[in-house]
Amino acid sequence: MAEEHEALTGAFSGLGVDESSLLSVITQWRKQPEKRQGFRSSSPFFKPHGSFERCEDDFVRSLKVEFARFKNITVLWAMHPWERDARWIHHVLHKAHPFNIVVEIACTRSSDELLGARKAYHALFHHSIEEDVAYRVKENYCNLLVGLVSAYRYEGSRVDDDVAKSEAKALGHAIKSAGTEDPVENYEVIRILTTRSKAHLKETFRHYNGLYGKSIEQDFAGESCLGETVQCLGSSASYFSKVIDKAFREEADKNAKDALTRVVVSRSDVDIEEIKAVYEQQHKAKLEDKIVKNTRGNYRDALLSLVGV
């Protein structure tokens, strides 16, 4: 019975639910209520409550979330990418979620993909993304977000190296002036990050590193939305690798765990191979192995299928 208790407890541990183990125990314990009683008595998910063992409210809430992971990944996978991004942005803006998801979508999609999400947002919610961002974001990075979601960047390879170096200096000046003006409100910072092509920005960031001896990600790390913006624009694979790893941490909150589904679904047809390579380089482990270790059941199998195992 100890093995069965361990299997049942393990079915509820991690991201998702191990449906096969759960069904196996249900089958084995058919017409044996004393075994269920024994499990309740020994399980951390139940507490004595008078003459019976009460199921903990946190456990009930957790089960609802974990059982829903497979449903959510399936629905999101089936959606058109434009609708998916539009719904994610709408949810963030209306449910007080961290706005880094808006930054992620605005900065890691192609110009046509972002335009498509904006069109889908019109059709689904009868507003524009720009107006909802401008109306609902009260923090000082509102202008930056409006500029990011409004962008239609040049996607060619041509870069004016002199301009890129000049704008690296402009970004450095904004950091030095942080005592008198928040960089996220600086006109030049907003102009450069919301209008320049990704090829241009990568060259600008390279010059920044050469001029100041450290990456712009380091200098913008503590700035609201700016850190995520330069990460997504400079190296989206590195950004996604870090987001994925946060989902596996013991202290991960609901938003961090949900990000695993969002990233894998949205990047599986785009750059998942690059993300896997960067993940292994950054975290000294294969992404597939971390998924197997930290997720369960059908949800785990769906993730593995999407990352290409």
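Before any of the text, the structure's been laid out above.
The structure presented is a predicted model; accordingly, all values stated were derived computationally and were not measured.

Draft legend 1. Highlighting the packing of aromatic side chains. Evaluated as defined, the whole model comprises 8 aromatic pairs. Judged by centre distance (4.7 Å) and plane angle (50°), the rings of Tyr208 and Tyr212 are tilted. Placement of both Tyr208 and Tyr212 in helix 12 (residues 198-212) is noted, with a separation of 4 residues, approximately one turn of the helix. For Tyr208, a relative accessible area of 1% corresponds to the buried category. Taking the centre distance of 5.3 Å and the plane angle of 65° together, the rings of Tyr239 and Phe240 count as edge-to-face. Phe240 carries the same exposure label as Tyr239, and that label is buried. Among the aromatic side chains, those forming a connected cluster through ring pairs are Trp29, Phe39, Phe45, Phe46 and Phe59. The aromatic ring of Tyr135 is capped on one face by Lys138, whose charged end is 4.9 Å from the ring centroid.

Draft legend 2. Quick peek at the layout of surface pockets. Its volume calculated, the largest pocket comes out at about 530 Å³. Along the wall of the largest pocket there are 18 residues; nearest its centre are Asn72, Leu76, Trp88, His91 and Asp258. Elements with a minimum of two residues in the lining of the largest pocket: helix 4 (57-78), helix 5 (81-94) and helix 16 (254-267). Take the lining of the largest pocket: its biggest share by element is 6 residues, from helix 16. Residues that form the lining of the largest pocket fall into these classes: 7 nonpolar, 5 polar and 6 charged.

Draft legend 3. Fine view of the pattern of salt bridges. Summed over all chains, the structure comprises 22 salt bridges. When the shortest N-O distance is used, the salt bridge between Asp258 and Arg69 registers 3.2 Å. Within this pair, whereas Asp258 is found in helix 16, its partner Arg69 is found in helix 4, the two being separated by 189 residues in sequence. A relative accessible area of 25% places Asp258 in the partly exposed class. Of the charged contacts, one joins Asp271 and Arg267 as a salt bridge, the two residues approaching to 2.9 Å between their closest N and O atoms.

Draft legend 4. Structural detail: helix 8 (residues 129-136). When helix 8 is considered as a whole, its buried residues turn out to be Ile129, Glu130, Asp132 and Val133. Within helix 8, the buried residues cover an arc of 170° as seen down the axis, which keeps them to one side. Along its buried surface, helix 8 packs onto helix 5, helix 7 (111-125) and helix 9 (142-150).

Draft legend 5. Representation of the nonpolar core in the model. Residues Val137, Leu145, Leu193, Phe205, Ile244 and Leu260 are the most contacted members of the largest nonpolar core, which totals 70 residues. In this view, Phe205 contacts Leu171, Leu193, Ile216, Val230, Leu233 and Gly234; residues no more than four positions away in its chain are not counted. Leu8, Phe12, Phe39 and Phe59 belong to the second-largest nonpolar core, a separate cluster that totals 12 residues.

Draft legend 6. Seen up close, the environment of Pro183. Tracing the backbone through its elements, the reader meets Pro183 in the loop between helix 10 (161-176) and helix 11 (187-195). Excluding residues that lie within four positions of it along the chain, Pro183 makes contacts with Ala174, Ile175, Ala178, Val189, Phe220, Glu223 and Leu226.

Draft legend 7. How the structure looks around the side chain of Ser241. Residue placement: Ser241 occurs in helix 15 (residues 236-247). Engagement of the side chain of Ser241 in a polar contact is seen with the side chain of Gln282, the distance being 2.6 Å. There is a polar contact of 3.4 Å between the side chain of Ser241 and the side chain of His283. Sequence-distant contacts of Ser241, that is, excluding residues within four places in its chain, are made with Ile275, Val278, Tyr279, Gln282 and His283.

Draft legend 8. Up close: the pairing of strand 2 (residues 52-55). Two strands pair when backbone bridges link them, and strand 1 (residues 46-49) and strand 2 are joined in this way by 4 bridges, in the antiparallel orientation. Counterpart to Lys47 in the pairing with strand 2 is Arg54. What sits between the antiparallel neighbours strand 1 and strand 2 is a turn of 2 residues, in which Gly50 has the positive phi angle 70°.

Draft legend 9. Representation of the packing of helix 15 against helix 17 (residues 272-283) within the structure. Put simply, helix 15 and helix 17 touch, their axes get as near as 8 Å, and they point 65° apart. Like other packed secondary-structure pairs, helix 15 and helix 17 cross with a definite hand, here right-handed. Contact residues: Ala237, Ser238, Phe240, Ser241, Lys242, Ile244 and Asp245 in helix 15; Glu274, Ile275, Val278, Tyr279, Gln282 and His283 in helix 17. Grouping the constituent residues of the contact of helix 15 with helix 17 by class yields 6 nonpolar, 4 polar and 3 charged.

Calculation notes
Residues numbered from 1 in each chain as written. Predicted model: local features only at pLDDT ≥ 70, side-chain atom pairs only at ≥ 80, totals over all residues. Heavy atoms only, no water. Phe/Tyr/Trp six-rings, centres within 6.5 Å; stacked < 30°, edge-to-face > 60°. Helix = DSSP H or I, 4+ residues; strand = E, 2+ residues; numbered from the N terminus. Buried < 20%, exposed > 50% of the residue type's maximum accessible area, 1.4 Å probe, protein only. Lys NZ or Arg CZ within 6 Å of the ring centre and 35° of its normal. 1 Å grid on protein atoms, 1.4 Å probe; cavity = no way out; pocket = protein on both sides within 12 Å on 5 of 7 lines; lining within 4 Å. Points joined across faces, edges and corners; volume = space filled by probe spheres on them. Nonpolar A, V, L, I, M, F, W, Y, C, P; charged D, E, K, R; others polar. Salt bridge = Lys/Arg side-chain N within 4 Å of Asp/Glu carboxyl O. Arc of directions from axis to C-beta. Contact = heavy atoms within 4.5 Å. Core = buried A, V, L, I, M, F, W, Y, C linked by side-chain atoms within 4.5 Å. Polar contact = N/O pair within 3.5 Å; in protein donor to acceptor, adjacent residues only side chain to side chain. Pairing = 2+ DSSP bridges. Axes fitted to C-alpha atoms, helices over the stretch in contact; angles between N-to-C directions. Left-handed = near helix turned anticlockwise from the far one by under 90°.

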